[in-house]
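So you can see what is in the structure, the chains are spelled out below.
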Amino acid sequence: MERVVLITGANSGIGLALCERLLTEDSQLRLCLACRNMQRAEAARSALLTSHSNAHVDLLQLDVGSVQSVLSAAQEVKARYNRIDFLYLNAGIMPNPQLDLNAFFKGLFSRNVVRMFATAEGILTQQDRLNSDGLQEVFATNLFGHFLLIRELEPLLSRLVWTSSSNARRSAFSMEDMQHREGRESYSSSKYASDMLSLALNRQKNSQGLFSSVICPGLVMTNLTYGILPSFFWTLIMPVMWLIRIFTNTFTLTPHNGAEALHWLFLQNPESLDPRAKYHSLTSGLGTNYTQPRQMDIDEGASDVLYSKLLELEKEVRRKLSEENADEEMSAVKYGLLTLQT
Ligand SMILES: NC(=O)C1=CN([C@@H]2O[C@H](COP(=O)(O)OP(=O)(O)OC[C@H]3O[C@@H](n4cnc5c(N)ncnc54)[C@H](OP(=O)(O)O)[C@@H]3O)[C@@H](O)[C@H]2O)C=CC1
Ligand SMILES: CC(C)=CCC[C@@H](C)[C@H]1CC[C@H]2C3=C(CC[C@]12C)[C@@]1(C)CCC(=O)[C@@H](C)[C@@H]1CC3
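The structure displayed is predicted, hence computed values, not measured ones.

Undergrad: Teacher, can you tell me more about the pairing of strand β2 (residues 30–35) here?
TA: The side chains of a regular strand alternate, first on one face of the sheet and then on the other. The element β2 is largely enclosed, with a buried count of six among its six residues. Side chains of β2 alternate between two faces, with Arg30, Cys32 and Ala34 and Leu31, Leu33 and Cys35 buried alike. Two elements, strand β1 (residues 4–8) and β2, share five bridges in a ladder whose sense is parallel. Among the inter-strand pairings, Val4 is bridged to a residue of β2, identified as Arg30. Each parallel crossover has a hand, and the one from β1 via helix α1 (residues 13–25) to β2 is right-handed. Here β2 runs beside strand β3 (residues 56–61); their pairing, made up of six bridges, is parallel. Within β3, the position partnered with Leu31 by the bridge is Val57.

Undergrad: In this structure, what is going on with the sheet that holds β2? I would like to understand it.
TA: Through backbone hydrogen bonds, the strands of a sheet pair up, either in parallel or in antiparallel fashion. If you walk across this open sheet you meet the eight strands as β3-β2-β1-β4-β7-β8-β9-β10, and the pairing is mixed. Two strands close off the open sheet at either side, each with one partner strand: β3 and β10 (289–295). Within this sheet the neighbouring strands show an average axis-to-axis angle of 25 degrees, counted without direction. Sheet topology places strand β4 (residues 84–89) next to strand β7 (residues 157–163); five bridges connect them, and they run parallel. When the bridges of β7 are listed, Phe86 appears paired with Arg159. Contacting β1, β2, β3 and β4, helix α3 (residues 67–80) runs over the sheet at an angle of about 145 degrees to β3. Packing against the sheet, helix α7 (residues 186–205) makes contact with β7, β8 (211–216) and β9 (277–283), and its axis sits at approximately 155 degrees to β8.

Undergrad: It is not clear to me how the site of ligand 2 should be interpreted in this structure. Could you clarify?
TA: Taken together, 21 residues surround ligand 2, and among them Phe117, Ser165, Ser166, Tyr187 and Ile228 come closest. Here an oxygen atom of ligand 2 sits 2.6 Å away from a polar atom, N or O, in the side chain of Ser165. Residue Tyr187 places a side-chain N or O atom 2.8 Å away from an oxygen atom belonging to ligand 2. Relative to its unbound accessible surface of 620 Å², ligand 2 loses 93% to contact with the protein. Every element with two or more residues in the shell around ligand 2 is listed here: α5 (113–119) and α10 (238–247). Here the shell around ligand 2 takes four residues from α5, the largest share from any one element. Residue composition of the shell around ligand 2, grouped by class: 18 nonpolar, three polar and no charged.

Undergrad: What is the right way to read the UniProt feature "transmembrane region" (unreviewed entry) in the protein from this model?
TA: As recorded in UniProt, the feature "transmembrane region" (unreviewed entry) lies at residues 224–244. As annotated, residues 224–244 comprises 76% helix and 0% strand, and the C-alpha atoms at either end are separated by 20 Å.

Undergrad: How should I be thinking about the packing of aromatic side chains in this particular structure?
TA: Each aromatic ring pair is summarised here by two numbers: the centre-to-centre distance and the angle between the ring planes. The tally for this structure, following the rule as stated, stands at 10 aromatic pairs. Between Phe86 and Tyr88, the aromatic rings sit 5.8 Å apart at their centres with planes inclined by 15 degrees, giving stacked as the arrangement. The burial state of Phe86 is the same as that of Tyr88; both residues are buried. Each member of the aromatic cluster is reached from another via a ring pair, and the members are Phe104, Phe105, Phe117 and Phe251.

Procedures and definitions
- Residues numbered from 1 in each chain as written.
- Chains lettered and ligands numbered in written order.
- Predicted model: local features only at pLDDT ≥ 70, side-chain atom pairs only at ≥ 80, totals over all residues.
- Heavy atoms only, no water.
- Buried < 20%, exposed > 50% of the residue type's maximum accessible area, 1.4 Å probe, protein only.
- Helix = DSSP H or I, 4+ residues; strand = E, 2+ residues; numbered from the N terminus.
- Pairing = 2+ DSSP bridges.
- Right-handed = clockwise from strand over helix to strand, strands pointing away.
- Axes fitted to C-alpha atoms, helices over the stretch in contact; angles between N-to-C directions.
- Contact = heavy atoms within 4.5 Å.
- Near = heavy atom within 4 Å.
- Polar contact = N/O pair within 3.5 Å; in protein donor to acceptor, adjacent residues only side chain to side chain.
- Areas by Shrake-Rupley, 256 points an atom, 1.4 Å probe, with all protein chains shown as cover.
- Nonpolar A, V, L, I, M, F, W, Y, C, P; charged D, E, K, R; others polar.
- UniProt positions renumbered as here; feature names shortened; annotations may be inferred.
- Phe/Tyr/Trp six-rings, centres within 6.5 Å; stacked < 30°, edge-to-face > 60°.

This is the structure:
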């Protein structure tokens, strides 16, 4: 039977590389590229069809950062497919990243230098903002939109794979401020939250046949990293990065390498996976790719609390949306009556 794989943020970087790799693995797959920008989605589809001319590649308009868009896209998915074999929750943003050069140079000469290059701990901050749903943009995009999508599609789903990050850090996340309104590490917080949510989903849903995993692609040259430093600078320091790769295998560097763990998980039996592990894409100094599980720093109790808080927020968001829709209908009726009278 034809398998259906839906990938969010599939038009560039790691998501697009994953599409290439999956089509090479199984040319009979039906891929659904869920993207916010249909022009970019079309371009990605054309690129995939150039290398895999008989591939089945569908497009779906989805802005994971918008509640309305997620709900409409979910309706469309339910109308199109009976089931989704794999849902890759890959779309992600890191807006206005700022590199603390002082901390970076200090880190270079500290015992933590390898850790700094692998996780960017202590050297990277972001500036977040509210979106039109009144949610913090990074939380809404990297976590909540995906949560809502899962909730909508649950009966169709069996495997979930989150593109998380080794930048996810417990100390960046606060249960009292899960959207990270206060701090300047919204990316780290949202990725830690996705690790927790994955564990919670496994705890709640494994018995119903739904399995969730998280991966870290390593440091990869994509639009996301070009937002931190310009692409010409990365190209300039590429030899240094190959050198660093000898000491930290987390410098996977290309989207193809970064997609290693995403591809590897596609080939695994879900029962054999560890729900507390993050699966890392790694590349050795000689350029060999492999996947390695590493234990996550997560409490089961806390992950359940996050799950309940997300359910509460979902209720609130849905209520707000239906009130807005009712208001709009009411003004449409009033406007209709007025135009009838005049
Ligand atoms: N690059 C790296 O070093 C690392 C990346 N990651 C994670 O990998 C994932 C993929 O990022 P990467 O490939 O690097 O970067 P890219 O910027 O190339 O890819 C991100 C993708 O997400 C899409 N996207 C962003 N916001 C939305 C939205 N609101 N709705 C729908 N799609 C959206 C982008 O679409 P558009 O083109 O329209 O912007 C794009 O297709 C992210 O989750 C990122 O956090 C994790 C660790 C390291
Ligand atoms: C390589 C040299 C000489 C300089 C680059 C310094 C930093 C820009 C770089 C070091 C560690 C990197 C890193 C990320 C971004 C760029 C760095 C801070 C990430 C935060 C990118 C997104 C992720 O999700 C993480 C896994 C990356 C961790 C390492």
